[in-house]
2 protein chains.
Amino acid sequence: MAARYQQIAQELREAIRQGEYAIGTLLPSEGDLAARYAVSRGTVRQAVAVLEQDGSVAARQGARRVVLGEVPTHSFAEMQSFSMWATSRGHVPGAKVLSVEVGAARQEEADRLRINVGDDVVRLQRIRTLDDEPVMVERSFFPGLVAEHILAMDLTAGSITEQLTALGFVHAHGDHLIDAVSATTLEARLLGVRRGSPLLRQRWLASSPTGQPLAWSEDSYRHDAVIINVRNSMSANTLARLSARS
Amino acid sequence: MAARYQQIAQELREAIRQGEYAIGTLLPSEGDLAARYAVSRGTVRQAVAVLEQDGSVAARQGARRVVLGEVPTHSFAEMQSFSMWATSRGHVPGAKVLSVEVGAARQEEADRLRINVGDDVVRLQRIRTLDDEPVMVERSFFPGLVAEHILAMDLTAGSITEQLTALGFVHAHGDHLIDAVSATTLEARLLGVRRGSPLLRQRWLASSPTGQPLAWSEDSYRHDAVIINVRNSMSANTLARLSARS
DNA sequence: CAGTGGTCTAGACCACTCG
DNA sequence: GAGTGGTCTAGACCACTGT
């Protein structure tokens, strides 16, 4: 059963979506909401903090909260899994395996997965499709910890993330590096675009609740297939702009 | 004066940075920290919530928090301003104005800035440089609300965001759309790259604390100049992957 | 089982916004 | 100055982790 504050957050989200609290208008005060839901002010604050986090309402000390609007909410799981994302948007996801191998970790792989050079890693390359159309080239690396599970999976079925979760390897954190690259000759052929065509590259590390790296992946998307959306604010900032060159 | 919980968060961040709490080890319990800092458990929870938000520590019910590591923290202001970002990284930012004009808002501009078609907008195009090297083409649009201020500014001095902030127009929220595009002939010439070369495009809306749009900008970076970093987690997700085509 | 984080309460005072 | 959000306290009980 979800916590009371989460229920309240959900009800408020719903109310905003249905126009009960219109965009640009003020949310009731914390005291009013506490009375309405018969909870303490602390619980109300937890609830509205969720909406502030989403960027759905804005808070300023001394004034009532402003409704910013409904935001396209994406669960963490949808962001971590190509298959879940595709399915939730009404597309049929697919995967074609190009290669799978077990090997000794090279320096970069060891750094990314926080293991030692020479430790086992599984390397996997796949083409990912949306409705049978190729949209992304995926190069993934997994630490020895999950190697046997990866090798035992049906890698064309789609979501490795979901299968790992079912085995108890929960993805709790993600760290993403996003840039633009030119399609190599191979990538161009696989994706059906011209060589040198722009690709949106998303390199990311998934970690367990204890911070243990579970997977590193380099995903290169056709530029016409995907747009990444990030929201931030003075109170919640997880976004940074890095120099590509030292 | 900063709140007590912010001071504590800062001290903990510092302690992690200096290796007092090593990566992978456990943070002291909330009770211990409360005693150590002579505050209530609630205040300690506010402090560690800040670190969890940053992705610097991970929490799991029933177990002590795990130290994930120091994270490259970027203030919200640095993300919103090219100049502040460049300066904080030791580069010299520059700007060259290509054009400035006031006009009647077209449909798309009106939608982005939440104004009416035909209302005043300021359109500004600039080349942004790092150490005198062109790295980004910027196309910005401002609503009538701030038009007179924009026109009165020295637009080659760099940060419009900072100048607007000084005038009381605080940027409190950001909403970013990130994708990859091909350089047009004009962009290629301005940036010194080949036509068709990949650019990392970041389109974003900045809003005031009340949700009032203050600026919309389309920034196209040379692909070798910038990488965007985003962190998310099960408890804090502001990241979404959108389809480029409906 | 003991320890620990997650949720909730009731009350207090302060800082800020706005009419 | 009244209203409202921001901070902090002290205490309670529950849910989960690990030994």
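From a predicted model like this one, the values you see are computed outputs, not experimental measurements.

## Description of the interface of chain A and chain B
- Each partner contributes to the interface: chain A provides 65 residues, whereas chain B provides 66 residues.
- Summed over both partners, the interface of chain A with chain B comes to about 6,500 Å²; 53% of that surface belongs to carbon and sulfur atoms.
- Three residues, Ile227(A), Thr238(A) and Arg241(A), lead the burial of chain A against chain B; their summed loss comes to 14% of the area buried on that side.
- Connecting chain A to chain B are 14 residue pairs in polar contact (both at pLDDT 80 or more).
- Breaking the side of chain A that touches chain B down by element, the ones donating at least two residues are β1 (57–60), α4 (76–80), α5 (82–88), β6 (173–182), β7 (198–207), β8 (213–222), β9 (226–233) and β10 (239–243) of chain A.
- Examining the composition of the side of chain A that touches chain B, we find that 10 residues originate from one element, β6(A), more than from any other.
- In terms of residue class, the side of chain A that touches chain B is built from 30 nonpolar, 22 polar and 13 charged.
- The sheet contact formed by β6(A) and strand β9 (residues 226–233) of chain B spans 6 bridges and is antiparallel. Among the inter-strand pairings, His176(A) is bridged to a residue of β9(B), identified as Val230(B).

## Topic: the relation of the copies chain A and chain B
- Superposing chain A onto chain B takes a rotation of 180 degrees plus a shift of 0.0 Å along the axis, which leaves an RMSD of 0.1 Å. In symmetry terms, the pair is related by a two-fold rotation axis. The position closest to the rotation axis in chain A is occupied by the C-alpha of Pro198(A), lying 2.3 Å away.
- When the interface residues of chain A are mapped onto chain B, 100% of them again fall at the interface, so both copies present the same face.

## Some remarks on the packing of helix α1 (residues 4–17) of chain B against helix α3 (residues 41–54) of chain B
Residue and element names in this part refer to chain B.
- Remark: α1 packs on α3, axes separated minimally by 8 Å, with the N-to-C direction vectors making an angle of 50 degrees. On the basis of the axis angle, α1 is oblique to α3. Remark: the crossing between α1 and α3 carries right-handed chirality. Facing Arg4, Tyr5, Ile8, Ala9, Leu12, Arg13 and Ile16 of α1, the residues of α3 in contact are Thr43, Gln46, Ala47, Val48, Val50, Leu51 and Asp54.
- Along the lines of polarity and charge, the residues of the contact of α1 with α3 split into 9 nonpolar, 2 polar and 3 charged.

## Observations regarding the protein's contact with DNA strand D
- Around DNA strand D, a shell composed of 24 residues is seen, among which Arg41(A), Arg4(B), Ser40(B), Thr43(B) and Arg60(B) lie nearest.
- Counting only the atoms of DNA strand D within 4 Å of the protein, the fraction contributed by sugar and phosphate is 72%.
- The backbone of Ser40(B) places a nitrogen or oxygen atom 2.6 Å from a phosphate oxygen of DNA strand D.
- Contact distances for DNA strand D include 3.3 Å between a base nitrogen and a side-chain N or O atom of Arg41(B).
- Of all elements in the fold, only α3 (41–54), β1 and β2 (63–67) of chain A together with α1 and α3 of chain B reach the threshold of two or more residues within the surface near DNA strand D.
- Of all the elements, α3(B) adds the most residues to the surface near DNA strand D, at 4 residues.

## Looking at the sheet that holds strand β7 (residues 198–207) of chain B
- Strand order in the open sheet formed by 8 strands is β3(B)-β4(B)-β5(B)-β8(B)-β7(B)-β6(B)-β9(A)-β10(B), with antiparallel pairing between adjacent strands. At either margin of the open sheet sits one strand with a lone partner, and together these are β3 (93–104) and β10 (239–243) of chain B. Between one strand axis and the next, the sheet turns through 20 degrees on average, direction left out of account.
- Pairing analysis gives 10 bridges linking strand β6 (residues 173–182) of chain B to β7(B), with the strands arranged antiparallel. Opposite His176(B), over in β7(B), you have Trp204(B) as the bridge partner.

## A few points about the pairing of strand β4 (residues 120–130) of chain B
All names here are of chain B.
- Taken across its 11 residues, β4 has 9 buried, putting it largely inside the fold.
- Judged from the 11 bridges that link them, β3 and β4 form a sheet pairing that is antiparallel. Note on β4: the bridge partner recorded for Pro93 is Leu130.
- In this structure, β4 lies alongside strand β5 (residues 133–143), joined through 10 bridges in antiparallel fashion. Residue Arg123 lies in a different strand from β5, and its bridge partner there is Phe141.
- Taking the residues that link successive antiparallel strands as the turn, the β4-β5 hairpin has 2 residues, and the phi of Asp131 there is positive, at about 50 degrees.

## Considering the protein's contact with DNA strand C
- Among the 24 residues in the neighbourhood of DNA strand C, the closest are listed as Arg4(A), Ser40(A), Thr43(A), Arg60(A) and Arg41(B).
- The sugar-phosphate backbone supplies 71% of the atoms of DNA strand C found within 4 Å of the protein.
- Note that a phosphate oxygen of DNA strand C is positioned 2.6 Å from one of the backbone N or O atoms of Ser40(A).
- Residue Arg45(B) places a side-chain N or O atom 2.8 Å away from a phosphate oxygen belonging to DNA strand C.
- Among the elements of the structure, α1 (4–17) and α3 of chain A together with α3, β1 (57–60) and β2 (63–67) of chain B are those that each provide at least two residues to the surface near DNA strand C.
- The biggest single contributor to the surface near DNA strand C is α3(A), with 4 residues.

Reading the values: rules and limits
- Residues numbered from 1 in each chain as written.
- Chains lettered and ligands numbered in written order.
- Predicted model: local features only at pLDDT ≥ 70, side-chain atom pairs only at ≥ 80, totals over all residues.
- Heavy atoms only, no water.
- Contact = heavy atoms within 4.5 Å.
- Buried area = accessible area lost by both parts, 1.4 Å probe.
- Polar contact = N/O pair within 3.5 Å; in protein donor to acceptor, adjacent residues only side chain to side chain.
- Helix = DSSP H or I, 4+ residues; strand = E, 2+ residues; numbered from the N terminus.
- Nonpolar A, V, L, I, M, F, W, Y, C, P; charged D, E, K, R; others polar.
- Pairing = 2+ DSSP bridges.
- Least-squares fit on C-alpha atoms with pLDDT ≥ 70 in both.
- Axes fitted to C-alpha atoms, helices over the stretch in contact; angles between N-to-C directions.
- Parallel < 35°, antiparallel > 145°, perpendicular 65-115°, else oblique.
- Left-handed = near helix turned anticlockwise from the far one by under 90°.
- Near = heavy atom within 4 Å.
- Buried < 20%, exposed > 50% of the residue type's maximum accessible area, 1.4 Å probe, protein only.

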